[in-house]
Amino acid sequence: VRLVEIGGAVWVFTTSSQLDFENFSGSARDENEYGEVTAAGIAGKLELVSRDGHERVSGQNGPVQLRADGDVVEVGWVSLNWNEDSRIENERGDVTIVVPGQGGCTVSAEAKYGGVESDVEDIEVSGDGSSATGVIRRQARPRLDVVAEGSIRFVQAAGGGDAPE
């Protein structure tokens, strides 16, 4: 299922599907089982609940609430200038967060059974490598909370909030 250039809010329930959201000026919400979700260029809030899939978000402009039970979650923003807090949670696998060059937020991360890695200057990994905190560009709000059963990786975006190659 591919949804492109929608101006309002969208709410979708899918099973065993590949779902692509592209270039929304509104918000998007999806509950998905056994499929992949790709979201690119969502201007508003993005809410995803997914089981047994892969989630990839790039070029995001608004806050993200994502709860997954899958191997891979990747989230990247164009800017960290949202008006609400974001929470990324993967109950089974790893999470990669792509941090853009614009905006800021307070970060808290906990990897339950993996480690946390960061090449973002303002994010400090704990001594045992299981958690990280930071204030990106001295902006206390909004918050970005990340929790993963596996590993968490913070990478600095090359541009546009896309995942690294």
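Preceding this paragraph is the structure being described.
Residues numbered from 1 in each chain as written. Predicted model: local features only at pLDDT ≥ 70, side-chain atom pairs only at ≥ 80, totals over all residues. Heavy atoms only, no water.

S.K.: Would you mind showing me how to read the packing of aromatic side chains here?
M.R.: In this description, an aromatic ring pair is defined by two values, namely the gap between the centres and the angle between the planes. For the coordinates displayed, the defined rule picks out 3 aromatic pairs. Between Trp77 and Trp82 the ring centres are 5.0 Å apart and the planes differ by 40°, which places this aromatic pair in the tilted class. Grouping residues by exposure puts Trp77 and Trp82 together as buried. (Phe/Tyr/Trp six-rings, centres within 6.5 Å; stacked < 30°, edge-to-face > 60°. Buried < 20%, exposed > 50% of the residue type's maximum accessible area, 1.4 Å probe, protein only.)

S.K.: Honestly, the sheet that holds strand β11 (residues 94-99) in this entry has me stumped. Any pointers?
M.R.: Across a sheet, paired strands are connected by hydrogen bonds in the backbone, their directions being either parallel or antiparallel. Overall, parallel pairing links the 8 strands, which are arranged β1-β3-β5-β7-β9-β11-β17-β13 in an open sheet. Where the open sheet ends on each side, the last strands, each with one partner, are β1 (2-4) and β13 (116-118). If you compare each strand with its neighbour and ignore which way they point, the axes differ by 5° on average. Bridge count between strand β3 (residues 19-24) and strand β5 (residues 37-42): 5 bridges; the pairing is parallel. Across the sheet, residue Asp20 finds its bridge partner in β5, namely Thr38. (Pairing = 2+ DSSP bridges. Helix = DSSP H or I, 4+ residues; strand = E, 2+ residues; numbered from the N terminus. Axes fitted to C-alpha atoms, helices over the stretch in contact; angles between N-to-C directions.)

S.K.: Sorry if this is basic, but what is going on with the pairing of strand β10 (residues 86-90) here?
M.R.: Both faces of the sheet carry side chains from a regular strand, because those side chains alternate between them. A large share of β10 lies buried, amounting to 4 of its 5 residues. The sheet contact formed by β10 and strand β16 (residues 143-148) spans 5 bridges and is parallel. Each residue of the ladder has a partner; that of Ile88, found in β16, is Val146.

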